[in-house]
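If you want the building blocks of each chain, they are given just below.
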Amino acid sequence: MSGLLFGMVLAVLLEILVVCRRTDVWHRLAAFASVSTKVGMVMLVVSVVRDDWMVGLVGVIVLSVGNGSVMLLANLLQGVER
Amino acid sequence: MIPALAAGFSGLAQIASALLLLLGLVFWIAGSWPLLGRGSYLTKLHYLGISDTLGSALMLLGLLLRFQREWPLLLLALLSLVVWNTIFGYVLAACSQAARRFPPAP
Amino acid sequence: MSRLILIALRMLIWLLLTADPDELNVVIGLAVSLALPLPRRVRSLTPAQLWRALAASLAAVPQAYGEAVQLLLHRKLEESVLHDEPVLPSGRPSSVLVFLDVFRITLTPFTIALGLDDGGRSYRVHHLVFEEDRR
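Procedures and definitions
- Residues numbered from 1 in each chain as written.
- Chains lettered and ligands numbered in written order.
- Predicted model: local features only at pLDDT ≥ 70, side-chain atom pairs only at ≥ 80, totals over all residues.
- Heavy atoms only, no water.
- Helix = DSSP H or I, 4+ residues; strand = E, 2+ residues; numbered from the N terminus.
- Buried < 20%, exposed > 50% of the residue type's maximum accessible area, 1.4 Å probe, protein only.
- Contact = heavy atoms within 4.5 Å.
- Areas by Shrake-Rupley, 256 points an atom, 1.4 Å probe, with all protein chains shown as cover.
- Pairing = 2+ DSSP bridges.
- Salt bridge = Lys/Arg side-chain N within 4 Å of Asp/Glu carboxyl O.
- Buried area = accessible area lost by both parts, 1.4 Å probe.
- Polar contact = N/O pair within 3.5 Å; in protein donor to acceptor, adjacent residues only side chain to side chain.
- Axes fitted to C-alpha atoms, helices over the stretch in contact; angles between N-to-C directions.
- Parallel < 35°, antiparallel > 145°, perpendicular 65-115°, else oblique.
- Left-handed = near helix turned anticlockwise from the far one by under 90°.
- Nonpolar A, V, L, I, M, F, W, Y, C, P; charged D, E, K, R; others polar.
- Core = buried A, V, L, I, M, F, W, Y, C linked by side-chain atoms within 4.5 Å.
- Phe/Tyr/Trp six-rings, centres within 6.5 Å; stacked < 30°, edge-to-face > 60°.

**Overview of the overall build of chain B**
Phase 1 of the analysis: Within chain B, the regular secondary structure consists of three helices and zero strands.
Phase 2 of the analysis: Counting from the amino terminus, helix and strand elements in chain B follow one another as α-α-α.
Phase 3 of the analysis: Considering chain B as a whole, with its 106 residues, one finds that 57% of them fall into the buried category.
Phase 4 of the analysis: Pairs at least 24 residues apart make up 66% of the contacts formed inside chain B by residues separated by at least 6 positions.
Phase 5 of the analysis: Accessible area of chain B: about 4,800 Å², with a carbon and sulfur share of 77%.

**Focus on the overall build of chain C**
Phase 1 of the analysis: Looking only at helices and strands, chain C features five helices and three strands.
Phase 2 of the analysis: In sequence order, chain C lays out its α and β elements as α-α-α-β-α-β-β-α.
Phase 3 of the analysis: Contacts in chain C between residues at least 24 apart in sequence constitute 69% of all its contacts with a sequence separation of at least 6.

**Concerning the pairing of strand β2 (residues 111–117) of chain C**
All names here are of chain C.
Phase 1 of the analysis: Within β2, five of the seven residues are buried, which leaves the element mostly enclosed by the surrounding structure.
Phase 2 of the analysis: The pairing of β2 with strand β3 (residues 122–130) spans six bridges and is classified as antiparallel. If you follow D117 over to β3, its bridge partner there is S122.

**Some points on the pattern of salt bridges**
Phase 1 of the analysis: Scanning the entire structure with this criterion turns up three salt bridges over all chains.
Phase 2 of the analysis: In this structure, A:K38 and B:D52 form a salt bridge, with 3.9 Å as the shortest nitrogen-oxygen distance. With A:K38 in helix α2 (residues 25–50) and B:D52 in helix α2 (residues 41–66), this pair bridges two chains.
Phase 3 of the analysis: Looking at A:K38, the relative accessible area reads 0%, which means it is buried.
Phase 4 of the analysis: For B:D52, a relative accessible area of 5% translates into the label buried.
Phase 5 of the analysis: The structure contains a network of salt bridges with shared partners spanning A:E15, A:K38 and B:D52.

**Remarks on the interface of chain C and chain B**
Phase 1 of the analysis: At the interface, 28 residues of chain C touch 31 residues of chain B.
Phase 2 of the analysis: Buried area between chain C and chain B, both sides added, is near 2,600 Å², and the carbon and sulfur share of it is 77%.
Phase 3 of the analysis: In this assembly, chain C and chain B are joined by zero salt bridges.
Phase 4 of the analysis: When residues of the side of chain C that touches chain B are assigned to their parent elements, the largest contribution, six residues, is made by helix α3 (residues 47–73) of chain C.

**Quick notes on the side chain of C:T108**
Residues and elements named next belong to chain C.
Phase 1 of the analysis: The residue T108 is located in the loop between α4 (95–107) and β2 in this model.
Phase 2 of the analysis: The exposure class assigned to T108 is buried, which follows from its relative accessible area of 7%.
Phase 3 of the analysis: A polar contact of 2.9 Å, which involves the side chain of T108, links it to the side chain of T111.
Phase 4 of the analysis: In this view, T108 contacts A60, Q63, A64 and E67; residues no more than four positions away in its chain are not counted.

**Some details on the packing of helix α1 (residues 2–18) of chain C against helix α2 (residues 23–35) of chain C**
For any two helices packed against each other, the geometry is given by the interaxial angle and the distance between the axes.
Residues and elements named next belong to chain C.
Phase 1 of the analysis: Interhelical geometry of α1 versus α2 gives an angle of 135° and a closest axis separation of 9 Å. Regarding the angle of α1 to α2, the classification is oblique. Handedness of the α1/α2 crossing: right-handed. Where α1 abuts α2, its residues I7, R10, M11, W14, L15 and T18 lie against N25, V26, I28, G29, L30, S33 and L34.
Phase 2 of the analysis: Classifying every residue of the contact of α1 with α2 gives eight nonpolar, four polar and one charged.

**Focus on the interface of chain A and chain B**
Phase 1 of the analysis: Across the contact, 38 residues belong to chain A and 43 residues belong to chain B.
Phase 2 of the analysis: Carbon and sulfur atoms make up 77% of the area that chain A and chain B hide from each other, which totals about 3,800 Å².
Phase 3 of the analysis: Three residues stand out in chain A for area buried against chain B, namely A:W26, A:W53 and A:M71, and they jointly supply 16% of the buried area on that side.
Phase 4 of the analysis: Inspection of the region where chain A meets chain B yields seven residue pairs in polar contact (both at pLDDT 80 or more).
Phase 5 of the analysis: Elements supplying a minimum of two residues to the side of chain A that touches chain B: α1 (2–21), α2 and α3 (53–81) of chain A.
Phase 6 of the analysis: The greatest single-element share of the side of chain A that touches chain B, amounting to 13 residues, is contributed by α3(A).

**Some words on the nonpolar core**
Phase 1 of the analysis: Counting residues in hydrophobic clusters, the biggest one holds 78 residues, and the most contacted among them are A:M8, A:L44, B:L45, B:L60 and B:L92.
Phase 2 of the analysis: Among the nonpolar cores identified, the runner-up in size contains eight residues, and C:L50, C:V96, C:L97 and C:L100 belong to it.

**Section: unusual backbone geometry**
Residues and elements named next belong to chain A.
Phase 1 of the analysis: Phi at D51 is positive, roughly 55°, even though this residue is not glycine.
Phase 2 of the analysis: Within the fold, D51 resides in the loop between α2 and α3.
Phase 3 of the analysis: Judged by its relative accessible area of 52%, D51 falls in the exposed class.

**As for the packing of aromatic side chains**
Given two aromatic rings, one states the distance between the centres and the angle between the planes to describe the pair.
Phase 1 of the analysis: In total, this model carries one aromatic pair over all chains according to the counting rule given.
Phase 2 of the analysis: Centre to centre, the rings of B:F27 and C:Y65 are 6.3 Å apart; their planes meet at 40°, and the pair counts as tilted. Within this pair, whereas B:F27 is found in helix α1 (residues 2–32), its partner C:Y65 is found in helix α3, the two belonging to separate chains. With respect to burial, B:F27 and C:Y65 carry one shared label: buried.

All we've got here are geometric facts, nothing functional implied.
Below, the structure is given as structure tokens:
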């Protein structure tokens, strides 16, 4: 299980590297959204490993409503660029 | 007899859950890797869809097998994850294309 | 009839969220799902259309996994094209049908929907193809 967590953190670090490197704002937005989903999944796995459901509840909330804000940002950005 | 059967079943569920979690991790890494390359934006969105939606759904299925006490919330997470991420990919693609189709006035 | 299906979907989400089959809880969920506004033009939708769209969306999930494996195995070969896909039946589409169609197109890794064109008669779809197929 800890090996799995290690791999998941590695995947999140990969995305953060992309965010740091790219200059195009759309690439950054996509990578940030992906980081949000992945961190939610890491939370769920951590909650299963520690057998502490409160962490998992936060993870479920992040997964279900966390993307809404990024979606709003994408719409805003489209209006700004036009 | 029955407890042995139950133990065997639960062991099978553990193995299946570990397999699903590993497969999801493979999807994650393989789908995130093209982000570092030089492909076009939309191509990267295709790969991101694999990694985020499909890989995370596999992982959630693995967690469901392992953690049956809280199945309603995990099922809700699975449902909202798939729907949100898919629609989110569409919104990102459509918004970036619209910005490109109407170039800003000089 | 199609209103009933939509309200049943809302009730399902409410019950999963609260995880509590209590009587009062069910009544509250029913009240909330009846009070939320329905999407436009859902009344003119026949249940057969809605069922077909729902079934197509569900059938897209295993297909998406197949395409994902295919795409990950052929990493270096792809090239992207844009094309139009006339999907909608005649008449003005309901927003529920458009939502389900966009979901179905975008879920599969080879295609992403980019929006409606032609006044709502076709979708613009971004499609990945292998180079050997184009030659």
